[in-house]
Amino acid sequence: MRNYLVALSVVFLAALAGCAGLDFGSQPAPPPRTVQQVEADTWKRSSNPAAARANLEATAQKGQYIGDVAYPEPEGNIMLMADSIVVGLEGRGTDRYDAKMKPYLVKLLVKNYDSLQVASEIINSKDACPVRVVAHMPPFVRKDEKFDVTVESLDPNVNIEGGTLVDTPLVRYIQMPADMTHLGFRTQGGFVSEGTQGYARGDVTLNAGYRSGAPLKGEVPYVGYVPAGGISSTTWGHRLFLKKSDAATSVLIDAALKGRFQGPPDATGPKTLVTSPTSDFIAVGMPNAYHDYWKRYLDVVMRVPLRAPSRQERDMDVDRQIAALNSADPHQRYEAECAIEAYGRVTGSALLEALRTLGPQGKQSALRVLAFVDEPRAVDPLIEESRRAQGRFRAESPYLLSLLSGDRGPHRKPEIERINARLIEMLDDTDAEARFRALEALERNQVATDRVKEYYSEMRTFNLSLVESGAEPAIVVRSLDGVRHVAVFGAGQRLRCPFRGSCGPVTLNVTADGVEILHKRHEAKTPTVLKTHDLTDIIVRLDRMYVSVNDIVGLLDQLDKRGGLEAKMYWVE
């Protein structure tokens, strides 16, 4: 027995020694699955969509909504940037260039002027200056969409006003989280580059004009901007970063978004939502309905169910959110709107039923959701509320009505006719902003009416729309590139209250009898005096003097704020 125990101990110790020699930690962990592998695995179950979805939900990260596992890219996280050169400075430039930058600028000038001799003459003269061109981009920029660019002289002693930025390719730079920097990008200052994504060119002005709804004060001679000087060469999505990298979660988000926003084809073509998932983030497009409401779209996306609830669970949540629409807190009402909207048109019947019991604010919130989910049964209730409501909702109702005009199938023709008739009726609305929104909605719906007369400037940089309504007439000024819009109501009134002020390259002297307009770059000339009973003449004259639409907006706003107009001005991006 004793010999048996000894033998057994020897065998045990030998086995233990053998096991000790194994390095379990050296076994390579299986690599994480790629998006392509997850999608291929899902397609294998395509004959059984429920099984494919269940497999995705089982392997993805835990979370009920998209916002539980992802977060949207921060605003201002994308910019376009390039080094370039401003020409035409008439001796105010510089002949000093960085040795590393000079060959690039010569190449850029040759590309613009198709002549090495001209490029050399510009570089060796003092008629040009190297600059840095920058544009911080909002989310969801579309192909051929124009935007303002900032131009900063690389020589702070050079005043670049009045110069011209040559045609410049712009590189898209994106701020990436430190653990998500991909191979193939080149890094610069914390940003990664994706190559040429836009172009910029145009005349430089020092006046900041109007940017994002607010005037920018002060003029720095070596910092200028080119209004509508940039153009995007592609359509951009917006990225939802995963809180933890995982291909299955990315594919599940992709499926959830397409299930919510991508509907079946109709008379106007397929309703598509372009998405591009990776293991770290998913790039998403935006439906046309949210073009003016991209922040709302992202808030709705964050509430889209990642794991589809049962019908009973969904109905209970919708009922709970509808009750919150009656809240006195506007933020709580907005959160409830987004939560309901995330479910899509399936909430239409519940919302229409709730219109009977909701209070005034709750009813307007419900109608807003019905418009964004394109519920055709909401047309008549929305038209009725647009007649009754006041304030913000009355001004917003033309846009909401235009959303319900999106489906142009023959079965929707009677509803669209009622919508357009109401929009034409709103050109006489007592609310000035509602009239302006009605005009925009009619343009989106491509409705021609003799109530709106169009006038185009000779320089073709903007157009004027004169709305001849029974209420106060309105002049709407729009840049032809769509960057700036301004509506002046009561524009038939005379200017009054004399004052002196300046904006951009123009100095104004306004009296009860006329407006003296003097361009800063031609101070020796006699001021142009215009009678003030017709703003159209003033605006057209400013355009002939090469005043940008941004500056025109600023000038009119000065007149308004100083009491120079018996009018109310609205403007939108």
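Residues numbered from 1 in each chain as written. Predicted model: local features only at pLDDT ≥ 70, side-chain atom pairs only at ≥ 80, totals over all residues. Heavy atoms only, no water.

Caption draft 1: Quick look at the pairing of strand β4 (residues 146–153). The pairing of strand β3 (residues 129–136) with β4 spans four bridges and is antiparallel. If you follow V134 over to β4, its bridge partner there is T150. (Pairing = 2+ DSSP bridges. Helix = DSSP H or I, 4+ residues; strand = E, 2+ residues; numbered from the N terminus.)

Caption draft 2: Focus on the pattern of salt bridges. Evaluated as defined, the whole model comprises 26 salt bridges. The salt bridge partner of D317 is R320, with a shortest N-O separation of 2.8 Å. Within this pair, D317 and its partner R320 are both found in helix α9 (residues 311–324), separated by three residues, close to a single helical turn. On the accessibility criterion, D317 (4% relative accessible area) is buried. One network of salt bridges, with partners in common, ties together R296, E337, E341, R368, R392 and E396. (Salt bridge = Lys/Arg side-chain N within 4 Å of Asp/Glu carboxyl O. Buried < 20%, exposed > 50% of the residue type's maximum accessible area, 1.4 Å probe, protein only.)

Caption draft 3: Structural context of the side chain of D155. On the secondary structure map, D155 appears in the loop between β4 and β5 (164–175). Despite its burial, D155 pairs with no opposite charge, the nearest such side chain being R96 at 6.1 Å. Ignoring sequence-local partners within four residues, the contact set of D155 consists of T94, C129 and Y222. (Lys, Arg positive; Asp, Glu negative; His and termini not counted. Contact = heavy atoms within 4.5 Å.)

Caption draft 4: Up close: unusual backbone geometry. Its identity as a non-glycine residue notwithstanding, E90 has a phi of 55°, on the positive side. Checked against the element boundaries, E90 lands in the loop between β2 (78–87) and α5 (102–113). Of the residues examined, E90 reaches a relative accessible area of 66% and is grouped as exposed. Unusually for a residue other than glycine, D144 sits at a positive phi of about 70°. Relative to the helices and strands, D144 is located in the loop between β3 and β4. The exposure class assigned to D144 is partly exposed, which follows from its relative accessible area of 47%.

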